[in-house]
Amino acid sequence: MNDFPDLGKLGSQSKLVFLSGAGVSAESGISTFRDSGGLWEKHNIYDVATPEAWRANQDLVLEFYNQRRKQLLQVEPNAAHRAIARLQDYFKVEVITQNVDDLHERAGSEKVMHLHGELRKSRSSVDDSLVYDIDGWEIKKGDLCEKGSQLRPHVVWFGEMVPMIEPAQELVSQADLLVVVGTSLNVYPAAGLLHAVRAGTPIIAIDPAPLDLDHFPRTYHLREKAGEGMQKLWLKLRR
Ligand code: OAD
């Protein structure tokens, strides 16, 4: 195990980049994907989160994301989201999230990049540049974009490109500290972002479960839930 990195040199001009995953929203009451009882235990990825699924059964795909959206409207940001947002008062903070929820934004984070899209937006199924805010929780069959095609969830499905990956790599390469919170690091290209840090940049992973960090040898693993882990990190950063 690596030692906890020395954060003493970080100041107001330092860039803290957070890479978050489903675990950061777990304490808000949103299920993760791969934990026991997680979403991918209850739903088959290939039935709800691929372009093939969309072609085969739009009703099922719309319903899956409508239910996720309905739940999102009933939950609140938690202590971890809030701690990340509060760090903006002391550092330059950028958040790259794999989550499609908007809890970082609602906690007050100003710079949030969504790698896998945004649940509260819809998109044309013929023109990716046509993206709309969803009023309420539902995309209904028959809701059309201005070009007349069915609206789909504005999320990245398995088998689709991740358009934000290059800007995300660029951000990580500028980081003075990379903090990885609540992701199993199972999904690429997001997990590969850890390789984009500059030589010598510390990486801290906050996650209660064991992580396979063999590929990322300079990473310190704080084995805590996001709220508790962020509290510990906060104390180290503010000392
Ligand atoms: P996973 O479900 O794969 O991993 C969630 C991680 O959160 C695990 O490592 C858990 O140990 C950890 N965790 C659970 N509770 C936690 C807590 N209270 N605090 C901190 N960590 C906790 O979710 P992701 O890694 O985000 O993509 O999954 C990546 C992508 O796979 C998602 O964006 C989604 C999914 O399929 C798409 O849908 C395209």
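One numbering rule holds for all chains: residues counted from 1, following each sequence as written. Per-residue local features of the predicted model are confined to residues with pLDDT of at least 70, and side-chain atom pairs are confined, for both listing and counting, to 80 or more; whole-chain, interface and lining totals are unaffected and use all residues. Only hydrogens and water are set aside when side-chain values are computed; all heavy atoms of the structure are taken into account.

### Topic: the site of the ligand
(1) Moving on: When we say a residue is near a molecule or strand, we mean one of its heavy atoms is within 4 Å of it. Lining the immediate environment of the ligand, one finds 23 residues, of which Phe33, Arg34, Thr183, Ser184 and Asp207 sit closest.
(2) Moving on: Phe33 is positioned with one of its backbone polar atoms (N or O) 2.7 Å from an oxygen atom of the ligand.
(3) Moving on: Within 3.5 Å is the distance limit for a polar contact, defined as a pair of N or O atoms, with the added protein rule that one can donate a hydrogen and the other accept it, and that residues adjacent in sequence qualify only through two side-chain atoms. Within the contact set of the ligand, an oxygen atom lies 2.7 Å away from a side-chain nitrogen or oxygen of Asp207.
(4) Moving on: In terms of residue class, the shell around the ligand is built from ten nonpolar, eight polar and five charged. Under this grouping Gly is polar, as are all residues other than the nonpolar Ala, Val, Leu, Ile, Met, Phe, Trp, Tyr, Cys and Pro and the charged Asp, Glu, Lys and Arg.

### Quick notes on the packing of helix 6 (residues 79-86) against helix 9 (residues 226-238)
(1) Moving on: Interaxial angle, 0 to 180 degrees, is taken between N-to-C directions of lines fitted to C-alpha atoms, where a helix line uses only the stretch in contact. Note on conventions: DSSP H or I runs of at least 4 residues are helices, E runs of at least 2 residues are strands, and numbering of each starts at the N terminus. Interaxial distance between helix 6 and helix 9 falls to 8 Å at its minimum, and their mutual angle equals 25°. Looking at the two axes, helix 6 sits roughly parallel to helix 9. By crossing handedness, the relation of helix 6 to helix 9 is classed as left-handed. Along the contact surface, helix 6 presents Ala80, Ala83, Ile84 and Arg86, while helix 9 presents Ala226, Gly227, Met230 and Trp234.
(2) Moving on: A class-by-class count of the residues in the contact of helix 6 with helix 9 yields six nonpolar, one polar and one charged. Oblique is the label for every angle not falling under 35 degrees (roughly parallel), over 145 degrees (roughly antiparallel), or within 65 to 115 degrees (roughly perpendicular). The handedness criterion is simple: a crossing whose near helix is rotated anticlockwise from the far helix by less than a right angle is left-handed, and one whose near helix is rotated clockwise is right-handed. Contact criterion: two residues are considered in contact whenever any of their non-hydrogen atoms come within 4.5 Å of each other.

### Examining the pattern of salt bridges
(1) Moving on: Salt bridge, as applied in this entry: a Lys or Arg side-chain nitrogen positioned within 4 Å of an Asp or Glu carboxyl oxygen. Applying the stated rule across the entire model yields twelve salt bridges.
(2) Moving on: The closest approach of N and O atoms between Arg120 and Asp102, which form a salt bridge, is 2.8 Å. You can see Arg120 sitting in strand 4 (residues 117-124) and its partner Asp102 sitting in the loop between strand 2 (92-97) and helix 7 (103-107), a full 18 residues away along the chain.
(3) Moving on: Glu224 is the partner of Lys232 in a salt bridge, and the nearest nitrogen-oxygen pair spans 2.5 Å.
(4) Moving on: Accessibility expressed as a relative area gives 36% for Lys232, which makes it partly exposed.
(5) Moving on: Note on Glu224: relative accessible area 19%, which makes it buried. Note on classification: 1.4 Å probe, protein chains only; a residue is buried when its accessible area is under 20% of the maximum for its type, exposed when over 50%, partly exposed between these limits.

### Structural notes on the nonpolar core
(1) Moving on: Nonpolar core, defined: a set of buried Ala, Val, Leu, Ile, Met, Phe, Trp, Tyr and Cys residues in which side-chain atoms within 4.5 Å join the residues together. Core analysis: the biggest nonpolar cluster contains 25 residues, and Ile96, Leu115, Val172, Leu178, Val180, Leu193 and Leu194 have the highest contact counts within it.
(2) Moving on: Each residue touching Val172, except ones within four places of it in the same chain, is listed here: Val17, Ile96, Leu178, Leu193, Ala196 and Val197.
(3) Moving on: In terms of nonpolar packing, the next biggest core, distinct from the first, is built from 24 residues, Leu7, Ile84, Ala226 and Leu233 among them.

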